[in-house]
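Examining the three-dimensional arrangement
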Amino acid sequence: ESIEASLDVLWKKQETPHLFLTMAFDDNAAQALKSAEWNGRRSAALEVPFRVCQLWMQRMIAANMMDEASVIAVTRLGGDFGFSGQRVQSFEAIGGLIKAMLIESWMRGFRTTPMKVVDASAKLTSGQIVAGVLRELAVPSYDMEIALETPTFGPTTSGSSVPVRKTVQAVPSPMPEKRPQKPNQITRGGTWIVTGGGRGITAAISQEFAVRHGLKLRLLGTAPAPQLSAAVILEAERDMAALRRRIMQQAASEGQSPIESWRRMEKAIEIHRTLADCAARGIDARYYCCDVGEFAEVSAVLSDIRRVDGTIHGVVHGAGFGQDSRFDRKRPDKVRQCLKAKIDGTVALMEATMADQLEWFVAFGSISGRFGANGHTDYSLANDMMAKIVDGYRAARPTTRSVTFHWHAWGDIGMATKPEARLALEMIDMRFMPAAEGMDHFLNELEYGGDESEVLITDEEYFRKFFPADRLSSSDSRPVGYPLVSLKAAEKSRTRCVTQVTLNPVTDAFLTQHRVGGRPVLPFVVAIEMMAETASVLTNVAMKNCLSATARQAIRFATDDPIAVVLEASLQENGQVVARLLADVRRRDGRLVEEGREYFRAVFASPSSDTHAIPKSTASGVRDASRASWEKVRYAEPDAHVWHGPVFQELRKYKLGEQQIVGRIAASAAVQLFGGERATGFLSPSSTFDACLYLIGLANVRMYRKLSLPVEFLGVQFGRLPDPGEPCDVRTTLVRVDDRGATWSFELTGQNGDVLLQVGSCRTGWLSEPAVT
């Protein structure tokens, strides 16, 4: 309440759109892994900033100011986010929160709000850090985590030096197939502490590990040790659903919470099964009820374990607590519980095992800690900071191997198996990792790895959603190619190339989120990309100069069945390439009506004339285009006759003049539209191109109160692709209008003045559906 009251006082003076989080620079910021120090610091370092961010974001959304807002968190992990394993000035890291806030902002339609984490080297002055932070705000970028290191060149005119800027990127690094002759030391028969090991992923992994190395498992969890009768155990084995109904009905009749009562019973059953499985597999396992977030409890339990088993050889910290809910609905008590399980638990375990001969300290995190996740602001914060504590631990205990696993969602066990969590993950098209694969990753890393402090386990598609383009040439093993057409399926001669592409209206985002009359329709811009790629396969030259492109008829999906389209490119005598997109026409019952109907056609300039770059724009600035004020774009609802879903919603605002309209676009990555398997190698910026067309459609509605779709382009030339997150300006000019439609020309420019796209003529045709303003 005091936090909210303080913000209210500030807000009454002036609305504050810019939020800077610099707790790591406080004089009393936690610098060592000591429980006493951290226990008195947690509130100021994490809980208060979390609440401030919560309230700030609520106020910004309510005030409709998110597009003018920014969030910057500055940390002191060494200028390399702790990846080097060197000692840090402060292990306080709030980056996971900022990453999750950014994703929630995107999900709620706010896609131009800079939210970044900046890690500063200890050798930088305050002025240099401030300069680096302001530079991030001045130049928009898709980069989320920015490291500022010591300058390698001289001072500027202001007397300070500009820090060296680096960004974080996950580098693919599969375990070598040929294993080292000498694996890592794992003492056979050693004693391992496993938090959260009573059930779920941690229980499954620890059992496999224990069987392979004959380990003794000491499992720690917050739930009481199971005290189940033989009748309940038998009932659970026979019919779990019936037992659930009985427990919940009994709880309700006794005035207790049915849900909580069942949760307690379910945990007890799962822990019992884990211990029974361990006994059946010959594993020496014992369970202890212990809150790992409480330092005294951890110390007492580990002392009891040592009295019986001697020194502790390894720790697997898999305990965690998380509940999916929107950021503004996160309860402070649940947030505290989540942070304590991961962060306090890590500090407590490290401190309590300082005198043990630890061979490994393993922390189980999540991809939500590495990338952020919608509905997981507290869980992302907890996992990210836990990883940074482990990074710093490598310097404190160099003889102990330590690692954080940023786990992908498991398909067979764990949190992702819960119906509500699984549904949320399936909605973002996440593919689940089989349990056997996850166990192999764990075993291989502990037996043969350990060189890196953080290991990310995920697939290419999910990875590309956060790193749409490789920044490190050494890590880019993907050839520049043709993401929408298959080279393997192409039949090619000197003058002709034919290939086939299957369009799926259920799984392809560029179809599911591009609808006319409630049904998916292939976007013209995607058809152009496909035809350009086919022409490029034929000529072995990137065909970026399209003389004309015509939509003969729209490909509209009347059912959810996929459609196979044929792409054909033919080299003409004049050197031009004619490309066509064809598809069979069938009735709803599948009967063939017409074979190989032409839906789209494009003509590309000869390869010899396709080598020049588009010059810098000479057009005047956006502010001079119209005296009108900026207006924010309000995208149509999903039930509108023409609907563009979130992956297409790049147009942010516009100015409308008498015969000219200008727009501001926030470019997104191709992975948002086409998925991780088709993330690089594009010739055209399809979603940004479509945003230009949306602007024209908006102008047609505003000026003529008519809905329209593009039917023909003349003189299309593509420049470079926009960077993800790059602010782009599009300027369109009305050429003519008649009873069939309106024709416009337009030019798209990047933030540095590069012309990204030029269109000499875009003819739009009126739809019979009345416009809705």
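What counts, and at which threshold
Residues numbered from 1 in each chain as written. Predicted model: local features only at pLDDT ≥ 70, side-chain atom pairs only at ≥ 80, totals over all residues. Heavy atoms only, no water. Helix = DSSP H or I, 4+ residues; strand = E, 2+ residues; numbered from the N terminus. Buried < 20%, exposed > 50% of the residue type's maximum accessible area, 1.4 Å probe, protein only. Contact = heavy atoms within 4.5 Å. Areas by Shrake-Rupley, 256 points an atom, 1.4 Å probe, with all protein chains shown as cover. Lys, Arg positive; Asp, Glu negative; His and termini not counted. Charge placed at Lys NZ, Arg CZ, Asp CG, Glu CD. pLDDT = per-residue confidence, 0-100. Salt bridge = Lys/Arg side-chain N within 4 Å of Asp/Glu carboxyl O. Phe/Tyr/Trp six-rings, centres within 6.5 Å; stacked < 30°, edge-to-face > 60°. Lys NZ or Arg CZ within 6 Å of the ring centre and 35° of its normal. Pairing = 2+ DSSP bridges. Core = buried A, V, L, I, M, F, W, Y, C linked by side-chain atoms within 4.5 Å. Expected span 1.5 Å × (residues − 1).

So, on to the overall build of the protein. Along the protein, the regular secondary structure elements total 20 helices and 28 strands. The C-alpha extent of the protein, read off along each of the three principal axes, is 90 × 70 × 60 Å. Scored against the burial criterion, the 773 residues of the protein give a buried share of 53%. Considering only residue pairs separated by 6 or more positions, the protein has 74% of its internal contacts joining residues 24 or more positions apart. Working note: accessible area of the protein is about 34,700 Å², and carbon and sulfur atoms make up 50% of it. One finds the centroid of the 91 positive side-chain charges in the protein at a distance of 1 Å from the centroid of its 91 negative side-chain charges.

The next thing to look at is the confidence of the model for the protein. Across the protein, the average pLDDT comes to 87, with 91% of residues at or above 70. Across residues 473-480, confidence stays below pLDDT 50; counting only partners more than four residues off in sequence or on other chains, it has 11 contacts. Of the regions scoring below 50 in pLDDT, residues 617-625 engages in 17 contacts with residues more than four places distant in sequence or in other chains.

Here Thr680 shows up in the loop between α19 (670-674) and α20 (686-704). Taking the C-alpha atoms as reference points, Thr680 and Tyr482, separated by 198 residues in sequence, lie 8.3 Å from one another.

As a further point, take the side chain of Asp119. Take Asp119: it is sitting in strand β3 (residues 115-120). In this structure Asp119 is buried but unpaired, with Lys388 as the nearest side chain of opposite charge at 7.7 Å. Discounting residues that sit within four places of it in the chain, Asp119 has contacts with Thr75, Arg76, Leu77, Gly78, Gly79, Asp80, Phe81, Gly82, Ile146, Ala147 and Leu148.

This paragraph deals with the packing of aromatic side chains. For the structure shown, the criterion picks out 21 aromatic pairs. Pairing Trp192 with Phe209 gives two aromatic rings, centres 4.9 Å apart and planes at 80 degrees, and the pair type is edge-to-face. Taken together, the residues Trp192 in strand β6 (residues 191-195) and Phe209 in helix α6 (residues 200-213) connect sequence positions 17 residues apart. Aromatic pair Trp407 and Trp410: ring centres 5.2 Å apart, planes at 75 degrees, arrangement edge-to-face. Trp407 sits in the buried class, given a relative accessible area of 6%. Ring-pair connections join several aromatic residues into one group, and the members of that group are Trp192, Phe209, Phe364, Phe405, Trp407, Trp410 and Phe442. Over the ring of Phe25 we find Arg76, and its NZ or CZ is 5.2 Å from the ring centre. Its end group placed over the ring of Trp630, Lys653 keeps NZ or CZ at 5.0 Å from the ring centre.

Within the chain, Asn64 stands out as a residue other than glycine whose phi angle is a positive 55 degrees. Position of Asn64 relative to the elements: it lies in the loop between α3 (42-62) and β2 (70-75). If you check the backbone angles, Phe81 has positive phi at about 60 degrees while not being a glycine. Its location among the elements puts Phe81 in the loop between β2 and α4 (95-107).

All right, on to the sheet that holds strand β16 (residues 519-520) then. Strand order in the open sheet formed by 3 strands is β16-β15-β22, and the pairing between neighbours is antiparallel. Every other strand in the sheet has two partners, leaving β16 and β22 (642-644) as the edge strands with one partner each. Here strand β15 (residues 514-516) pairs with β22 via 3 bridges, running antiparallel. Bridged to Arg515 within β22 is Trp643.

Before going further, it helps to spend a moment on the nonpolar core. In this structure, Leu522, Leu581, Phe600, Phe604, Phe689, Phe713 and Phe746 are the most contacted members of the largest nonpolar core, which totals 75 residues. The element contributing the most residues to this core is helix α18 (residues 524-539), with 11 residues. Membership of the second largest hydrophobic core comes to 69 residues, among which are Ile94, Phe110, Val301 and Ala352.

This part takes up helix α13 (residues 377-396). Spacing of three or four residues puts side chains on the same side of an α-helix, whose turn is 3.6 residues. Over its 20 residues, α13 extends 29 Å from the first C-alpha to the last, a length consistent with the 28 Å expected when each residue adds 1.5 Å. By the criterion of burial, α13 is predominantly enclosed, with 18 of the 20 residues buried.

Inspection of every chain in the model, using the stated rule, returns 46 salt bridges. For Asp309, the salt bridge identified is with Arg286, shortest N-O distance 3.3 Å. In this pair, Asp309 is assigned in helix α10 (residues 295-309) and Arg286 in strand β8 (residues 284-289), connecting sequence segments 23 residues apart. Using a relative accessible area of 28% as the deciding quantity, one classes Arg286 as partly exposed. What you see here is one network of salt bridges that share partners, running through Lys99, Glu145, Arg370, Asp384, Lys388, Asp391 and Glu454.

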